[in-house]
Amino acid sequence: MTEPDFSKGAAYVRGQYMPIAEAAIPITDWGFLRSDATYDVVTVWNGAFFRLDAHLERFLRSCRRWRLDPGLTPDQIAAVLTQCVRLSGLRASYVEMICTRGQPPWGSRDPRQAVNQFYAFAVPYVWIANAEQREEGLHLAISDVQRIPAVSVDPTAKNYHWNDLTMGLLGALDAGADSVLLVDASDHVVEGPGFNVFCIGHGTLVTPAEGMLEGITRRTVVEMAHRLGLPVEIRALPADELRRAQEVFISTSGGGVLPVTRVDQQTIGDGRPGPITRRLVQTYWDWHTDPAYSVPIDYAA
Ligand code: PLP
């Protein structure tokens with residue numbers, strides 16, 4: 001028998017590790033049928049997890065919010081994630097943990113009777129922006145699609161209610177933009193598919209206060225700003241203020257701090273990634289070597 005090939009990624013499904021191409025869930029899992037699931041994504045850079053504790057803490061908070069039980073302690077989850085990365089051998093990886101509702105007994109529509117399931121996988125690092133976009137800056141469109149109201153689906157608990165984000169993204173791509181930002185009912189920008197947003201005016205960083213996931217990278221940006229002595233305002237961010245900002249960037253585990261140089265038809269600043277954004281990009285990657293934030297993976301174990 002040939003050895004399994006984990007080089008494209010490894011997954012953990014119902015107690016078993018397997019190559020990513022073999023990982024599957026039952027079609028009747030409500031995670032699939034109802035988007036009834038939660039998840040989190042932590043990254044591995046240079047062979048170490050970045051801010052693993054923060055991602056585990058948010059994952060378990062999201063589970064509690066949706067009344068899902070992964071059935072594992074934080075240490076057990078960390079061990080599964082580590083084993084997925086170890087099997088893959090990846091030094092730069094996108095590592096996802098998922099808890100789905102599972103299925104209630106056949107015929108029952110009572111979610112309390114479902115057996116929740118835990119899944120995980122590690123695949124090569126995912127960038128939301130390609131190398132040229134990271135260098136030149138992204139072009140974002142502000143969509144007229146509103147993000148699902150927070151009173152309906154709590155955006156601070158990670159979820160797969162992405163139809164609004166996906167429809168907004170399709171519209172933006174069709175219009176020639178690289179990605180999209182959604183707004184709330186008051187035309188304040190909230191977030192995009194997989195990222196938070198910041199703008200800079202007169203040296204002050206501004207990021208939305210509510211209506212979006214509280215990204216771990218957003219938290220890192222706020223901490224970096226404090227360390228660098230840059231003022232931060234966390235408050236509602238009108239779409240027009242963003243269009244007129246001197247600098248704009250997005251924050252995400254899929255690439256850290258990513259510059260934005262165009263919003264709709266408006267060029268931001270001089271059309272090049274701004275000096276504060278570039279400083280934050282540099283600091284973000286520098287912080288990956290800080291032992292306070294990184295947990296090295298023992299690939300040989
Ligand atoms: N907003 C949404 C909807 C997301 O899915 C994500 C990340 O997956 C983010 C924001 C950014 O969060 P983080 O910085 O933790 O990756």
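Predicted model only: the values in this text are computed from it and were never measured. In this convention, every chain numbers its residues from 1, walking through the sequence in written order. For this predicted model, a pLDDT threshold of at least 70 governs which residues receive local features, and a threshold of 80 or more governs which side-chain atom pairs are given and counted, while totals over whole chains, interfaces and linings are taken from all residues. Calculation of side-chain values draws on the structure's entire complement of heavy atoms; hydrogens and water are dropped beforehand.

1. So, helix H2 (residues 52–65)
Okay, step 1: Starting at the N terminus, helices and strands are each numbered in turn, a helix being any DSSP run of H or I of at least four residues and a strand any DSSP run of E of at least two. A helix is expected to span 1.5 Å multiplied by its residue count minus one. Taking 1.5 Å of rise per residue, 14 residues should cover 20 Å, and H2 covers 20 Å from first to last C-alpha, within 8% of that figure.
Okay, step 2: Burial classes follow relative accessibility: with a 1.4 Å probe on protein chains only, a residue under 20% of its type's maximum area counts as buried, one over 50% as exposed, and anything between as partly exposed. Within the sequence span of H2, burial applies to Leu-52, Ala-54, His-55, Leu-56, Arg-58, Phe-59, Leu-60, Ser-62 and Cys-63.
Okay, step 3: The positive-phi residue at the C-terminal boundary of H2 is Arg-67, with phi of around 55°.

2. Overview of the pairing of strand S1 (residues 10–13)
Okay, step 1: Side chains of S1 alternate between two faces, with Ala-10 and Tyr-12 and Ala-11 and Val-13 buried alike.
Okay, step 2: Two strands are said to pair when DSSP picks up at least two bridges between them. Sheet analysis places S1 next to strand S6 (residues 115–124), joined by 4 bridges and oriented antiparallel. In the strand pairing of S6, Val-13 is matched with Tyr-119.
Okay, step 3: Sheet topology note: the S1/strand S2 (residues 16–19) ladder contains 4 bridges and is antiparallel. Bridge pairing in S2 places Val-13 opposite Gln-16.
Okay, step 4: Linking two consecutive strands that pair antiparallel, namely S1 and S2, is a turn of 2 residues; a positive phi of about 45° is found at Arg-14 within it.

3. A closer look at helix H3 (residues 74–88)
Okay, step 1: Along its 15 residues, H3 runs 21 Å from first to last C-alpha, staying within 8% of the 21 Å computed at 1.5 Å per residue.
Okay, step 2: Inspection of H3 places Ile-77, Ala-78, Val-80, Leu-81, Thr-82, Cys-84, Val-85 and Ser-88 among the buried residues, and these make up the whole buried set.
Okay, step 3: Gly-89 occupies a position one or two residues after H3 and carries a positive phi of about 75°.

4. Some details on a nonpolar patch on the surface
Okay, step 1: The grouping of Ile-25, Ile-27, Phe-32 and Leu-33 at the surface amounts to a nonpolar patch, some 420 Å² of accessible area in total.
Okay, step 2: With respect to the helices and strands, Ile-25 occurs in the loop between S2 and helix H1 (30–33).
Okay, step 3: When its relative accessible area of 38% is taken as the criterion, Ile-25 is described as partly exposed. For patch detection, residues must exceed 30% relative accessible area and be free of salt bridges, and they are connected within 9 Å for like charges or within 5 Å for nonpolar side chains (Val, Leu, Ile, Met, Phe, Trp, Tyr). In this description, accessible areas are obtained by the Shrake-Rupley approach with a 1.4 Å probe, and a residue is regarded as covered only by the protein chains that are shown. We count a salt bridge whenever a side-chain nitrogen from Lys or Arg sits within 4 Å of a carboxyl oxygen from Asp or Glu.

5. Here's the deal with the site of the ligand
Okay, step 1: Contacts to the ligand come from 15 residues, most closely from Lys-158, Glu-191, Ile-216, Thr-217 and Ser-253.
Okay, step 2: At a separation of 2.8 Å, an oxygen atom of the ligand approaches a polar backbone atom of Ile-216.
Okay, step 3: In isolation the ligand offers 390 Å² of accessible surface; the protein chains occlude 93% of this area.
Okay, step 4: Among the residues forming the shell around the ligand, the class breakdown is 5 nonpolar, 7 polar and 3 charged. One heavy atom within 4 Å of a molecule or strand is enough for the residue carrying it to be called near that molecule or strand. Any pair of nitrogen or oxygen atoms within 3.5 Å is treated as a polar contact; in protein, a donor-acceptor pairing is required on top of that, and neighbouring residues in sequence qualify only through side-chain atoms on both sides. Each residue receives one of three labels: charged for Asp, Glu, Lys and Arg, nonpolar for Ala, Val, Leu, Ile, Met, Phe, Trp, Tyr, Cys and Pro, and polar for the others, Gly being one of them.

Worth remembering: the numbers are spatial, not functional.
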